[in-house]
There are 2 protein chains.
Amino acid sequence: MSDLALGPGREFDRIRGILKRLGPAARDIGDDCAIIPEGGGRLVVSVDLSIEDVHFRREWLSLEEIGWRAAAASLSDLAAEGAEPVGLLASVGLPRQAGDEELLELMTGIGAAARSVGGAVLGGDLSASRCWLVDIAVIGRAEHPVTRAGAAPGDGVWVTGTLGVARAALQVWEGGGTPLQEAREAFARPAPRIAAGRALARAGARAMIDLSDGLAGDAGHLAAASGVSLEIDLGLLPLAPSVTSAAAAAGIPAAEFAALGGEDYELLAALPPAFAEEARARFTRETGVALTRIGTAVAGSGTRLLLNGQPRRLSGYDHFA
Amino acid sequence: MSDLALGPGREFDRIRGILKRLGPAARDIGDDCAIIPEGGGRLVVSVDLSIEDVHFRREWLSLEEIGWRAAAASLSDLAAEGAEPVGLLASVGLPRQAGDEELLELMTGIGAAARSVGGAVLGGDLSASRCWLVDIAVIGRAEHPVTRAGAAPGDGVWVTGTLGVARAALQVWEGGGTPLQEAREAFARPAPRIAAGRALARAGARAMIDLSDGLAGDAGHLAAASGVSLEIDLGLLPLAPSVTSAAAAAGIPAAEFAALGGEDYELLAALPPAFAEEARARFTRETGVALTRIGTAVAGSGTRLLLNGQPRRLSGYDHFA
């Protein structure tokens, strides 16, 4: 496992180090979900940890939104597998002085996110804690899970929805301001791309990953797992209108701003060359979600990000950078 | 779900409140594990959160022990279901200043606990955090999971191992001392009772629960879920030698001390009346684990704890009491 196929970054160096140390005590690691064969099908399981003042601030979001966002972040891993949610278990740490109503608000958001994609809350754990924290374990089913590892040279590289708008909210908050409603909602209440993930799986997706750490970093994981290089034209990224002004405020091109934001929880998929405009239109008709081709898988390794034909070096979000 | 069958306590009032609020967004809650039917069998899933200065202190345990104990606490839920572990996912929060080697020590303990019962680490999540925290999601298989809900009047009430010794360590640490090696090991490195849980399931256990919050409280959950009363003779509790002196230091009877300690992670099982000495001897021969009859399920509700024939009122550990 020590040759785990992840992209570069300190967080991923740490994961590589863990797998080297664990040896046979770790198995099948390196995808969005753990895949458990069971009775002819596959159960897929993932966990995602959200911690106050690391992933969110109380001043930014209601507890109901904090719950929704934590659950949606974990459900996003099921989406990337092309899986159908069964349910989730919620481990919640809450300050000793927190009231019953606050806990209920948080759980309401978690439950609403689960219900929005046909799942339910199946269990959990409660503990006193110094700060609010939520760890969501999601469980889904997929007959043929789509891993990060199947992209082949010639495949198109596609992305769902639009990128960067949730990051725009984050930037405004971090600067002490109040984000526009559109951006705020995108950050507070990301829609788990379950239906989109399943439609992409049906359409023959060979590899998928959710953009939880941003396109620049996550594309590197898909490339590494698939043993290909991804050539991505940043000029093709689907940007929401408010991204332009946020990027201008940050002093960087809008496409780079969007490529570095993981908060949208969109999906990146490698689709076979035959997947083209007609299939794209059908996907959007069925799911209501935009789908944009942004590049191509080629022989090689790593990612090649181009802006106006010039290569750009960008890194994804790294918790320990 | 609002009539969820749990015993009394503020933590369980909160869980009842959550389920009432969630309505149909929560399903099948109230056992040690969520049970997911899949292809003729059953997958069982549980989560258990361990937080620095709530569940452990860095001065007491090495990071390797913190990892082991967190994983064992979650695996204990699989044991109570009579399940066989598949693996676990570990969400870890670590302080920004923590070094790579510290994280590796923690993960080594988690991996060793998983391996000790035939499981493996299948995934996880890493995040920066104000303090160390570990949330372990465990996944197991059980053809016929043993829930908390099957005990019938006349069943014998049995407990594995010995009780109270890990609590003895905790008491010494909290008083500023250094516990005896036996007690320290019991707290730092509890053995997940997987083999015992599976043997009890094979022996016809009708209901089981792990004693993570102590016999006094956990027996109440089993009684409530089964719709019976449990009559338990505290004088029959299997006590380790060091419990006597720890209880004397606390100024309470040794049996009460042991009934309030959940840190041993032993199992409580309701077994049919036909399960008797011969079956007990076979269980211990096969598993190497002691098994002691401490009471009987009778018609009624709640628990009735007796010491020298006198009823005693004791409450289990409550995170929010």
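Residues numbered from 1 in each chain as written. Chains lettered and ligands numbered in written order. Predicted model: local features only at pLDDT ≥ 70, side-chain atom pairs only at ≥ 80, totals over all residues. Heavy atoms only, no water.

Residue and element names in this part refer to chain B. An order of β7-β9-β6-β10-β8-β11-β12 is seen for the seven strands of this open sheet, with the pairing classed as mixed. The strands lining the two open edges of the sheet, one partner per strand, are β7 (207–210) and β12 (310–312). Averaged over all pairs of adjacent strands, the angle between their axes in this sheet comes to 30°, without regard to strand direction. Note: strand β11 (residues 302–307) against β12, three bridges, orientation antiparallel. Residue pairing for β12: Leu-305 is matched across the bridge by Arg-312. (Pairing = 2+ DSSP bridges. Helix = DSSP H or I, 4+ residues; strand = E, 2+ residues; numbered from the N terminus. Axes fitted to C-alpha atoms, helices over the stretch in contact; angles between N-to-C directions.)

It is worth spelling out the relation of the copies chain B and chain A at this point. It takes a turn of 180° to lay chain B on chain A, together with a shift of 0.0 Å along the axis; the resulting RMSD is 0.0 Å. Taken together, the rotation and translation describe the operation of a two-fold axis. Residue Gly-39 of chain B, judged by its C-alpha, is the member of chain B lying nearest the rotation axis, at 2.0 Å. (Least-squares fit on C-alpha atoms with pLDDT ≥ 70 in both.)

Here the focus is the sheet that holds strand β6 (residues 156–160) of chain A. Residue and element names in this part refer to chain A. Pairing is mixed in the open sheet, where seven strands are placed in the order β7-β9-β6-β10-β8-β11-β12. A single partner strand is all that each edge strand has here, and the edge strands are β7 (207–210) and β12 (310–312). On average, each strand axis in the sheet is inclined to that of its neighbour by 30°, with strand direction left out of account. In the sheet, β6 pairs with strand β9 (residues 267–271) via four bridges, with the strands oriented antiparallel. Paired with Trp-158 across the strands is Ala-269, a residue of β9.

Right, let's get into the confidence of the model for chain A. Averaged over all residues, the pLDDT of chain A equals 93, while 97% of them reach at least 70. Scored as a whole, the predicted complex attains pTM 0.95, and scored at its interfaces, ipTM 0.94. (pLDDT = per-residue confidence, 0-100.)

All names here are of chain A. Under the criterion given, the structure shown has eight aromatic pairs over all chains. Arranged with centres 5.1 Å apart and planes meeting at 80°, the rings of Trp-158 and Phe-275 form a pair that is edge-to-face. One end of the pair, Trp-158, is in strand β6; the other, Phe-275, is in the loop between β9 and α10 (277–287), and 117 residues separate them in sequence. Each member of the pair, Trp-158 as well as Phe-275, is classed as buried. Taken together through their ring pairs, the aromatic side chains of Trp-60, Trp-173 and Phe-187 make up a single cluster. Between Arg-69 and the ring centre of Phe-187, over which it is positioned, the NZ or CZ distance is 3.9 Å. (Phe/Tyr/Trp six-rings, centres within 6.5 Å; stacked < 30°, edge-to-face > 60°. Buried < 20%, exposed > 50% of the residue type's maximum accessible area, 1.4 Å probe, protein only. Lys NZ or Arg CZ within 6 Å of the ring centre and 35° of its normal.)

Let us look at the pairing of β7 of chain A. Residue and element names in this part refer to chain A. Going residue by residue along β7, you find Ala-207 and Ile-209 tucked away on one face and Met-208 and Asp-210 tucked away on the opposite face as well. Pairing between β7 and β9: four bridges, direction antiparallel. Counterpart to Ile-209 in the pairing with β9 is Leu-268.

Contacts between chain B and chain A engage 67 residues on the former and 67 residues on the latter. Both faces considered, chain B and chain A share a buried interface measuring about 5800 Å² in area, 60% of it formed by carbon and sulfur atoms. Connecting chain B to chain A are 10 salt bridges. At the junction of chain B and chain A, the tally comes to 22 residue pairs in polar contact (both at pLDDT 80 or more). Those elements that provide at least two residues to the side of chain B that touches chain A are α1 (10–22), β1 (34–38), β2 (41–51), β3 (84–94), α3 (100–116), β4 (121–128) and β5 (133–141) of chain B. (Contact = heavy atoms within 4.5 Å. Buried area = accessible area lost by both parts, 1.4 Å probe. Salt bridge = Lys/Arg side-chain N within 4 Å of Asp/Glu carboxyl O. Polar contact = N/O pair within 3.5 Å; in protein donor to acceptor, adjacent residues only side chain to side chain.)

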